[in-house]
Amino acid sequence: MARQPQHHRRSEPSTEKWKNLMRSKTLIGAVAITLALALSACSGQGDDMSGANDMKDDTSSSESSMMAMDGTFEGLNDKSVEGTVSVSDSEITLADFSSDEGPDLHLYLANGTDEDAVASGVELGTVAFDEASQTFTIESDVNVEDYTTIVVHCDKAKAVFGAAELM
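In this text, all values refer to a predicted model and were calculated from it rather than measured experimentally.

(A) Looking closely at the packing of aromatic side chains. Scanning the entire structure with this criterion turns up one aromatic pair. With centroids separated by 5.5 Å and ring planes inclined at 75°, the aromatic side chains of Phe73 and Phe97 adopt a geometry described as edge-to-face. Separated by 24 residues along the polypeptide, Phe73 in strand β2 (residues 69-75) and Phe97 in strand β4 (residues 91-99) bring together distant segments of the chain. Residue Phe97 is classed as buried on the basis of its relative accessible area, which comes to 3%.

Okay, here's the thing in structure tokens:
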């Protein structure tokens, strides 16, 4: 009896393997897009911050029963923040301030510049990235001497833009 020639079949991935491969690629793409959007959330055009209730336009300083503390802003996380800050019992005053634009920038009294420090700090209000002089009122129940840092934070993206260590 004569043997019939055997044809070699090319192995092809199974349908299930193909589906898993495509799911993995889709998931990786979705994660990359989500990460890119989260990181860029504070760099695009922002919300209108001109109506912030916690800000005053004057730069007058009030008399204080504590020793005044001051600091100089430095940008963090590849962001630019410049200017100085003066702190008294009742007010925080920013001078020559500027920051990269962000849609949801807030000023915090904190003990450090990481997210945990910001979360456990005291929010002072919305900060305008393009107003050189800004003044924030400190609530009477807040002891500013309990804090070491003023932080500019984008609440929407959960990103620290910059900070000033108080001395």
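Here the narrative resumes, following the displayed structure.
(B) The environment of Asp96, seen in detail. Following the sequence through the fold, Asp96 ends up in strand β4. By relative accessible area, Asp96 is classed as exposed at 65%. The residues contacting Asp96, other than those within four sequence positions of it, are Glu82, Gly83 and Ala132.

(C) Representation of the confidence of the model for the protein chain in the model. Looking at the protein chain as a whole, its pLDDT mean stands at 79, while 65% of the residues score no less than 70. Per-residue pLDDT stays below 50 along residues 44-64; that stretch engages in 42 contacts with residues further than four places along the chain or on separate chains.

Parameters at a glance
Residues numbered from 1 in each chain as written. Predicted model: local features only at pLDDT ≥ 70, side-chain atom pairs only at ≥ 80, totals over all residues. Heavy atoms only, no water. Phe/Tyr/Trp six-rings, centres within 6.5 Å; stacked < 30°, edge-to-face > 60°. Helix = DSSP H or I, 4+ residues; strand = E, 2+ residues; numbered from the N terminus. Buried < 20%, exposed > 50% of the residue type's maximum accessible area, 1.4 Å probe, protein only. Contact = heavy atoms within 4.5 Å. pLDDT = per-residue confidence, 0-100.

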